[in-house]
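# Descriptive analysis of the structure
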Amino acid sequence: MDVDSTLIDEEVIDELGAAAGCGERIAAVTERAMRGELDFAEALRARVALLEGLPDSIFAQVHDALHFTTGALDLIDALHAHDWKVGVVSGGFHEVVDMLAADAKLDHWIANRLEVKDGRLTGRVLGEIVTKDVKLRSLRAWADELGVPMTQTVAVGDGANDIPMIQAAGLGVAFCAKPKTRAAAPHAIDTRDLRLVLDLLRP
């Protein structure tokens, strides 16, 4: 599943932007990118550039203020009880997602990585940016690694960059999603409770 606005209630980039004093500017770009109006990678680079100079201590500060979406941990526990594996693919950042993954006992996760020099953010992203194509590739790679057919996979997300993985999964779910994503998804949940995914899994 996706992380920002899916696994958690917040958008981490917006929280970092607030700490940098440019929260409204970043949130406006986030909204347009989520709606599919902007190229995600370009939008991410533009937002990250505004974070230049933030101390890397901000990651723990932002993590501590985040909230798991209602039912998120219950969903993960229920899936683990049935020997499912749970992974997240995030257009956010490893520096925060790593902590969330430990909190939620996730099996797999990928995210973007921010460049830090001398304890401060440089305003640049390192390596390949997690785009819609990377999200889809990750779902397929994890399924292949686990020997799970794609018909037995589930993908949950809310933004335009989640559409390819939602459509490729055996069960694709738009979760409290943007209109474009909701229209493209086979299934939709409009109540912020991830336990409702379990209802779709039951025959």
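What counts as what
Residues numbered from 1 in each chain as written. Predicted model: local features only at pLDDT ≥ 70, side-chain atom pairs only at ≥ 80, totals over all residues. Heavy atoms only, no water. Axes fitted to C-alpha atoms, helices over the stretch in contact; angles between N-to-C directions. Helix = DSSP H or I, 4+ residues; strand = E, 2+ residues; numbered from the N terminus. Parallel < 35°, antiparallel > 145°, perpendicular 65-115°, else oblique. Left-handed = near helix turned anticlockwise from the far one by under 90°. Contact = heavy atoms within 4.5 Å. Nonpolar A, V, L, I, M, F, W, Y, C, P; charged D, E, K, R; others polar. Pairing = 2+ DSSP bridges.

For the pair helix α1 (residues 12–20) and helix α2 (residues 23–34), the least separation of the axes is 7 Å and the interaxial angle reads 160°. In terms of orientation, α1 lies roughly antiparallel with respect to α2. Here α1 runs over α2; the crossing is right-handed. Contact with α1, carried on its side by Ile-13, Asp-14, Gly-17 and Ala-18, involves Gly-23, Ile-26, Ala-27 and Thr-30 of α2 and no other residues of that element. Of the residues assigned to the contact of α1 with α2, the class counts are four nonpolar, three polar and one charged.

So, about the sheet that holds strand β5 (residues 171–175). In spatial order, the strands read β4-β5-β6; together these three strands make up an open sheet with parallel pairing. Two strands close off the open sheet at either side, each with one partner strand: β4 (154–157) and β6 (187–189). Each adjacent strand pair in this sheet contributes to an overall mean axis angle of 25°, direction not counted. Sheet topology places β5 next to β6; three bridges connect them, and they run parallel.

Interaxial distance between α2 and helix α3 (residues 40–49) falls to 10 Å at its minimum, and their mutual angle equals 170°. Judged on the interaxial angle alone, α3 and α2 are roughly antiparallel. The residues of α3 that touch α2, namely those facing Ile-26, Val-29, Thr-30 and Ala-33, are Phe-40, Ala-43 and Arg-47. By residue class, the composition of the contact of α2 with α3 is five nonpolar, one polar and one charged.

Limitation: the analysis is restricted to geometry and does not speak to function.
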